[in-house]
Amino acid sequence: MLSTFHGLEVAKRGMFTQQAALYVTAHNIANANTPGYSRQRVNFVETEPFPPASMNRPQIPGQMGTGVEAGSIQRIRDSFLDYQYRNEASKLGYWSARSEAIAKMEDIMNEPSEFGLSKAMTQFWESLQDLSANPENEGARAVVRQRGVAVAESFNYLYTSLSQIRDDLGQEIKTGLLEVNSILKQISELNDQIKAVEPNGYLPNDLYDKRDALVDELSKYFQVKVETVPSGGNALDIAEGIYEISLVNQDGSTIKIVTKDGYSKLSVDPPVDPVNDPTNPDGYVSKIQIEDALGNITTIRDSEFGNLASGRIKSLIESYGYGSDPNNVKGYYPEMLADLDKMAYSFATMFNAQHREGYDLNNSNGVDFFEMNVSDNTTGKGAAASIKVSDVIMSDLGKIAASSNSGESGNGNNALYLSMIKDVQITNGSAALPSGSGTTVSVPITSGTVQTFYQGLVGKIGVDGQQAERMKTNAETLATSVDNKRQSVSSVSLDEEMTNMIKFQHAYNAAARIITAIDEMLDKIINNMGIAGR
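Since this is a predicted model, take the numbers as computed values, not measurements. (Residues numbered from 1 in each chain as written. Predicted model: local features only at pLDDT ≥ 70, side-chain atom pairs only at ≥ 80, totals over all residues. Heavy atoms only, no water.)

Per the secondary structure count, the protein chain includes 12 helices and 17 strands. A globule of 534 residues ought to have a C-alpha radius of gyration of about 24 Å, yet the protein chain, at 38 Å, is considerably larger. In terms of overall dimensions, the protein chain has C-alpha extents of about 155 × 45 × 35 Å along its principal axes. When burial is assessed residue by residue, the protein chain has 44% of its 534 residues classed as buried. (Helix = DSSP H or I, 4+ residues; strand = E, 2+ residues; numbered from the N terminus. Rg over C-alpha atoms; globule rule 2.2 N^0.38 Å. Buried < 20%, exposed > 50% of the residue type's maximum accessible area, 1.4 Å probe, protein only.)

Right, dumping it as structure tokens:
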């Protein structure tokens, strides 16, 4: 037989459970604007009916319900949307960094404009043509010298500015890895906290949210894969467990960076801090080192960087430079700097050779017009940074060899030949001087002309910049779309919460009314029954 107070107990359970649901609703409303928060819900569960199935059960028509209880408080999250978002976030991180790096290069090159290297060289060629018409005119000679200075300083400016941007990229790699290591540490600490809570049968929803927000942030730096490991004990079936996180390569292979036992620390070698650590002046990365909690080191070498799936760090390294040694460095900025060296060295070498074939105002053979400090003649390394108008020319305008014949007044043919250097065709790294003397010079540029070589560099930057911007926009659109879907599932809707609040409030009131009704019944039994004849 059921207890006299059975109904009171059922109603009380209803009140407590509806009250818990109201508290969860309040928690949702309070966090409506909290970044990374996932709305929560109470999973209502019927309590065990009476009587339980047994041989000694009381003889009543059937099992009687005993009410409701809050089975669990669960956050609303779609793990598939998380997976999609993190994939797109890593692509967005890659193309954003790429686009930013190229945009900075475009700003420095400043082409086409009235202030770029192309304009400086055009004005230099024009000044030489003017000199060919007035070879003894001191004003024309001064203009040639100053235009030459402008060309040399343009090379110096481009090289120095691009090198500074490359150094900034190195600092960004260093800062990015520090941020990654901080995120890995925080995820590992949250794993430990979750591991302590879940075995007791609870769901640490707020800790789950914090951990997922960190994984979202991590996915901008690397493409990651998340696997879960049960925390053991009396953890609920819907408990999310411990995260184990891996870096993902394009071939599908993975490298663990967070496990149930701890987290790894990432670093690059050689160090990318040219300001505070001058041991890497050429600016390159040869490997990424991943040291786990036990001190074991996994290495991603330069030949394997391309296999990294995506992410901001990969893009930064590709822009900054990577290779096995300082003489074998690839990357967007190192290659541009190397091309500037090739161009400056080829231009100055051909110009000096033609200038030496002419005669100055003193009827002496011409000297080198430009000076450079080059460490490798085959690549012209160091030319763009060091090129300048020679001290001899700077101190004496008469040393400009405008004449093609000694002692011939009014002869400006060599100045004309010098102005034709821009159109000299280079074949297999060899160029014949425009004077027709038969002299050839070897230069790092293998084909075309100096002018077309530079146009090719500028064109490549433009094409690469457009592609990076287009891919960035695509990745951004997809990431935003997936995030919107994710927010539609996980974010707090105040309309929905207000509806839930009314629903739970009325359910609570109804349970209270049941208690009132039972109280009236008991009052009748206790106070008004068996009093006949008093």
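For the rest of this paragraph, the subject is the UniProt feature "domain: Flagellar basal-body/hook protein C-terminal" (unreviewed entry) in the protein chain. As recorded in UniProt, the feature "domain: Flagellar basal-body/hook protein C-terminal" (unreviewed entry) lies at residues 489-527. Overall, residues 489-527 shows 92% helix and 0% strand. The separation of its end C-alpha atoms is 55 Å. (UniProt positions renumbered as here; feature names shortened; annotations may be inferred.)

What follows deals with the packing of helix H3 (residues 117-133) against helix H4 (residues 138-197). Packing of H3 against H4 brings their axes to within 9 Å, and their N-to-C directions diverge by 160°. Taken as axis vectors, H3 and H4 run roughly antiparallel relative to one another. In the packing of H3 onto H4, the handedness of the crossing is left-handed. Of H4, the residues touching H3 (which contributes Leu117, Ala120, Met121, Gln123, Phe124, Ser127, Leu128 and Leu131) are Ala140, Arg141, Val143, Val144, Arg147, Gly148, Ala150, Val151, Ser154, Phe155 and Leu158. (Axes fitted to C-alpha atoms, helices over the stretch in contact; angles between N-to-C directions. Parallel < 35°, antiparallel > 145°, perpendicular 65-115°, else oblique. Left-handed = near helix turned anticlockwise from the far one by under 90°. Contact = heavy atoms within 4.5 Å.)

This next bit is on the packing of aromatic side chains. Each aromatic ring pair is characterised by the separation of its centres together with the angle its planes make. Taken as a whole and assessed by the stated rule, the structure comprises 14 aromatic pairs. Where phenylalanine 124 meets phenylalanine 351, the ring centres are 5.2 Å apart and the plane angle is 40°; that geometry is what we call tilted. Here phenylalanine 124 is found in helix H3, whereas its partner phenylalanine 351 is found in helix H7 (residues 332-356), with 227 residues between them in sequence. The buried category is assigned to phenylalanine 351, whose relative accessible area is 0%. Relative to phenylalanine 370, the ring of phenylalanine 347 lies with its centre 5.2 Å away and its plane at 55°, an arrangement referred to as tilted. Here phenylalanine 347, found in helix H7, pairs with phenylalanine 370, found in strand E12 (residues 370-371); they are 23 residues apart in sequence, far enough to count as distant. Of the residues examined, phenylalanine 347 reaches a relative accessible area of 0% and is grouped as buried. Looking at phenylalanine 370, the relative accessible area reads 1%, which means it is buried. Put simply, the rings of Phe124, Trp125, Phe155, Phe347, Phe351, Phe369 and Phe370 pair up and form one aromatic cluster. Positioned over the ring face of tyrosine 243 is arginine 211, at 3.6 Å from the centre of the ring. (Phe/Tyr/Trp six-rings, centres within 6.5 Å; stacked < 30°, edge-to-face > 60°. Lys NZ or Arg CZ within 6 Å of the ring centre and 35° of its normal.)

Between H7 and helix H11 (residues 450-490), the shortest axis-to-axis distance is 10 Å and the interhelical angle comes to 165°. As far as their axial angle goes, H11 and H7 are roughly antiparallel. As H7 packs across H11, the resulting crossing turns out to be left-handed. Where H7 abuts H11, its residues Tyr332, Met336, Asp339, Lys342, Met343, Phe347 and Met350 lie against Val450, Phe453, Tyr454, Leu457, Lys460, Ile461 and Asp464. Classifying every residue of the contact of H7 with H11 gives 10 nonpolar, no polar and four charged. (Nonpolar A, V, L, I, M, F, W, Y, C, P; charged D, E, K, R; others polar.)

This next bit is on the sheet that holds strand E5 (residues 254-259). One open sheet holds the four strands; their spatial order is E3-E4-E5-E6, and the pairing between them is antiparallel. At either end of the open sheet lies a strand with only one pairing partner, and these are strand E3 (224-229) and strand E6 (262-263). As defined by bridge partners, E3 adjoins strand E4 (residues 242-248) across six bridges and the pair is classed as antiparallel. By the bridge assignment for E4, glutamate 227 is matched with glutamate 244. (Pairing = 2+ DSSP bridges.)

This paragraph deals with the environment of serine 3. Checked against the element boundaries, serine 3 lands in the segment before helix H1 (6-30). A relative accessible area of 47% places serine 3 in the partly exposed class. In the structure, serine 3 is positioned 23 residues away from alanine 26 in sequence and 35 Å away in space, judged by C-alpha atoms.

Let us look at the nonpolar core. Phe124, Phe155, Phe347, Phe351 and Phe370 are the most contacted members of the largest nonpolar core, which has 103 residues in total. When residues in this core are grouped by element, the largest group, 19 residues, is from H4. Excluding anything up to four places from it in sequence, phenylalanine 124 contacts Val144, Arg147, Gly148, Val151, Phe347, Phe351, Phe369 and Phe370. (Core = buried A, V, L, I, M, F, W, Y, C linked by side-chain atoms within 4.5 Å.)

Cross-referencing UniProt, the feature "domain: Flagellar basal body rod protein N-terminal" (unreviewed entry) maps to residues 8-37 in the present numbering. Split by type, residues 8-37 is 77% helix and 0% strand. Its first and last C-alpha atoms lie 37 Å apart.

On to unusual backbone geometry, then. The phi torsion of most residues other than glycine is negative, and most of the peptide bonds are trans. A cis amide bond links glutamate 111 with the next residue in sequence, proline 112, at an omega value of -10°. Relative to the elements of secondary structure, proline 112 occurs in the loop between helix H2 (79-109) and H3. Residue aspartate 269 is joined to proline 270 through a cis peptide bond whose omega torsion reads -5°. Position of proline 270 among the secondary structure elements: in the loop between strand E7 (265-269) and strand E8 (287-291). In this structure, asparagine 110 takes a positive phi of about 55° despite not being glycine.

Moving on, we come to H4. In a regular helix each residue adds 1.5 Å, so 60 residues correspond to 88 Å; H4 covers 88 Å between its end C-alpha atoms and thus fits that length. One side-chain oxygen at the N-terminal end of H4 lies 2.7 Å from the backbone nitrogen of glycine 139; it belongs to asparagine 137. (Expected span 1.5 Å × (residues − 1). Polar contact = N/O pair within 3.5 Å; in protein donor to acceptor, adjacent residues only side chain to side chain.)

With that settled, consider the pattern of salt bridges. With the rule as written, the count across this model stands at 29 salt bridges. The salt bridge partner of aspartate 167 is arginine 166, with a shortest N-O separation of 3.8 Å. Linking aspartate 368 and arginine 356 is a salt bridge whose minimum nitrogen-to-oxygen distance equals 2.4 Å. With a gap of 12 residues between them, aspartate 368 in the loop between H7 and E12 and arginine 356 in helix H7 connect regions that are remote in the sequence. A residue is classified by how much of its surface remains accessible, and aspartate 368, at 33% relative accessible area, is partly exposed. Through salt bridges with shared partners, a single ionic network connects Arg75, Arg77, Asp82, Arg86, Asp209, Asp212, Asp216, Glu240, Asp483 and Arg486. (Salt bridge = Lys/Arg side-chain N within 4 Å of Asp/Glu carboxyl O.)

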